[in-house]
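Descriptive structure summary
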Amino acid sequence: MPTDYDKGAYPEPPRQTPVVDKQTALPNPALILSKLFYYSVDLPVTTFRDVVDSIRSKNRPVYFHQKFRRVPDLTECHHGDYLCYYEAEMQWRRDYKVDQEIVKVVQERMRACHQREGSSYQQNCANEIQQFTEVTHNYQSRYGDLGAYASGRKCLMKQKERMIAAQAQTA
Amino acid sequence: MVGMSVLRSAAAFAARLSPLKSGNNAANLLSRAIPRTDKVAVRWCHGKKMFVIKPTDFYDRRFLRLLQFYILLTGIPVAVIVTCVNVFVGEAELVEAPEDYEPEHWEYYKHPITRWITWAFYDSPVKDYEKMMAAIQIEKEKADMRLTQLEVRRQMRSKGDGPWFQVETLNKELIDYSHKSNPDN
């Protein structure tokens, strides 16, 4: 079976199975239906999957995550060193993709929390909501309106504008 | 004549109304057959065969038949191949790369068909990166050389002590000074 999700980030709600207190001699229709579902759907599907897995497990390929070395940034490149510019640009694009995925993961956690808590999500999920707002504000300030032709250079210029604005504000 | 046909049709009608009366059987009644509706053999098997007149659907059905044939001609092998790959060679599992091992560029993908395509047709991203870097290096060298050439032109034009912009002067030995050699000429 594939690895399970991170139980710490997506905690399961407490089980609410009621204590069985049977007062009639009649059969429980919920039990009958669940057994019916189990034998007609669950068991065939699980056995099929086990069969296919046993066929597959003989020659199972593996895959890895690609690790990239860090290269000097755009700020550390000499003027006119186009190779350095290219490497910095590629690194910036990889970091952009990683940041997009980070935002997606944090958003997914907040949505899962919302789904779990139901109508009392605003107080129970305060941590996730705060984390999400923080991450999205940071993303917006760093990569916000760069557009489709975003590049490391434009991002650096945006950072410069931010620093100028911050300095103007404090001064 | 008209009276005869009226009589005949009236007799047929009367026979129809009361078929059990002795004078009303088909054989002896004026050669006009009466419809014996009570003694007809009615079978409900296929019903009355109708010749339905409608515009031809030959071309439409032929088109759909050919469409089905040509789609399934490659569709079925592709479906069979993809099913076999998914059942017999499953998707890859994510593992930590060992310390000293550099995975090949196709070992970064999950599905076996994607892995095969990357293995068979595509260059590794490292090679593409290096190709791009080589192109940038060549263009950089060309640009640098052009800039230095412009600078050298400028210097040589202004100083005049370089090999460029030299104008060939005449050979001094060819000049004939004979008509100016004496002050009296």
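The paragraphs below set out a description of the structure included in this document. Numbering of residues starts from 1 in every chain and runs along the sequence as written. Written order determines the labels here, with chains lettered from A and ligands numbered from 1. Owing to the predicted nature of the model, reporting of local features is limited to residues with pLDDT of at least 70; listing and counting of side-chain atom pairs is limited to 80 or more, with chain, interface and lining totals taken over all residues. Computation of side-chain values covers all heavy atoms of the structure but excludes hydrogens and water.

**So, the layout of surface pockets**
The method works on a 1 Å grid over the protein atoms by themselves. A cavity is a set of points holding a 1.4 Å probe that cannot get out, a pocket is an open set with protein on both sides within 12 Å along at least five of seven lines, and residues with an atom within 4 Å of a point line them. Grid points are joined across faces, edges and corners, and a volume is the space filled by probe spheres set on the points. Counted as a void, the largest pocket has a volume near 1700 Å³. Around the largest pocket sit 41 residues that line it, and Gln66(A), Lys67(A), Phe68(A), Tyr108(B) and Val126(B) are the ones nearest its centre. Within the residue set of the lining of the largest pocket, elements represented by two or more residues are helix H2 (82-117) of chain A together with helix H4 (125-159) of chain B. For the lining of the largest pocket, the element with the most residues is H2(A), which contributes eleven residues. Residues were grouped as follows: Ala, Val, Leu, Ile, Met, Phe, Trp, Tyr, Cys and Pro as nonpolar; Asp, Glu, Lys and Arg as charged; and all remaining residues, including Gly, as polar. A class-by-class count of the residues in the lining of the largest pocket yields 19 nonpolar, seven polar and 15 charged. Here a strand is any run of E in DSSP of at least two residues, a helix any run of H or I of at least four, and the numbering for each starts at the N terminus.

**Thoughts on unusual backbone geometry**
All names here are of chain B. Positive phi, close to 55°, is recorded for phenylalanine 165, a residue that is not glycine. With respect to the element layout, phenylalanine 165 can be found in the segment after H4. The class for phenylalanine 165 is partly exposed, based on a relative accessible area of 39%. A 1.4 Å probe rolled over the protein chains alone gives each residue an accessible area, and that area as a share of the maximum for its type sets the label: buried under 20%, exposed over 50%, partly exposed in between.

**What about the state of the cysteines?**
Residues and elements named next belong to chain A. Only a pair of cysteine sulfur atoms within 2.5 Å qualifies as a disulfide here. By the definition in use, this model includes two disulfides over all chains. Here cysteine 77 connects covalently by a disulfide to cysteine 84, the sulfurs 1.9 Å from one another. Its torsion about the S-S bond being -80°, the disulfide of cysteine 77 and cysteine 84 is classed as left-handed. A sulfur-sulfur distance of 2.0 Å marks the disulfide that ties cysteine 113 to cysteine 125. Between cysteine 113 and cysteine 125, the S-S torsion sits near -100°, and that sign places the bridge as left-handed. With a gap of twelve residues between them, cysteine 113 in helix H2 and cysteine 125 in the loop between helix H3 (121-124) and helix H4 (126-143) connect regions that are remote in the sequence. Note on cysteine 113: relative accessible area 1%, which makes it buried. Residue cysteine 125 is classed as buried on the basis of its relative accessible area of 1%. The disulfide pattern of chain A is 1-2, 3-4 when the bonded cysteines are numbered in sequence order. Take cysteine 155: it sits in no disulfide, and the sulfur closest to it among the cysteines is that of cysteine 77, at 15 Å.

**A closer look at the interface of chain A and chain B**
As a measure of interface size, the accessible area lost when the parts come together is often cited. Taken together, the contact between chain A and chain B spans 19 residues of the former and 26 residues of the latter. A 1.4 Å probe defines the accessible area here, and the buried area is the portion of it lost by two parts on being joined, summed over both. In total, about 2400 Å² of surface goes out of reach between chain A and chain B, with carbon and sulfur atoms giving 65% of it. The term salt bridge refers to a pairing of a side-chain nitrogen on Lys or Arg with a carboxyl oxygen on Asp or Glu at a separation within 4 Å. At the junction of chain A with chain B, the criterion picks out one salt bridge. Two residues, Glu93(B) and Arg60(A), come together in a salt bridge whose shortest N-O distance is 3.3 Å. What qualifies as a polar contact is a pair of N or O atoms within 3.5 Å, subject to a donor-acceptor requirement within protein and to the restriction that residues adjacent in sequence count only when both atoms come from side chains. Taken together, the links from chain A to chain B amount to seven residue pairs in polar contact (both at pLDDT 80 or more). Mapped by element, the contributors of at least two residues to the side of chain A that touches chain B are helix H1 (29-56), strand S1 (62-63) and H2 of chain A. For the side of chain A that touches chain B, the residue count by class is ten nonpolar, four polar and five charged. Any two residues whose heavy atoms approach within 4.5 Å are treated as being in contact.

Note that every value here comes from positions in space, so none of it alone points to a role or purpose.
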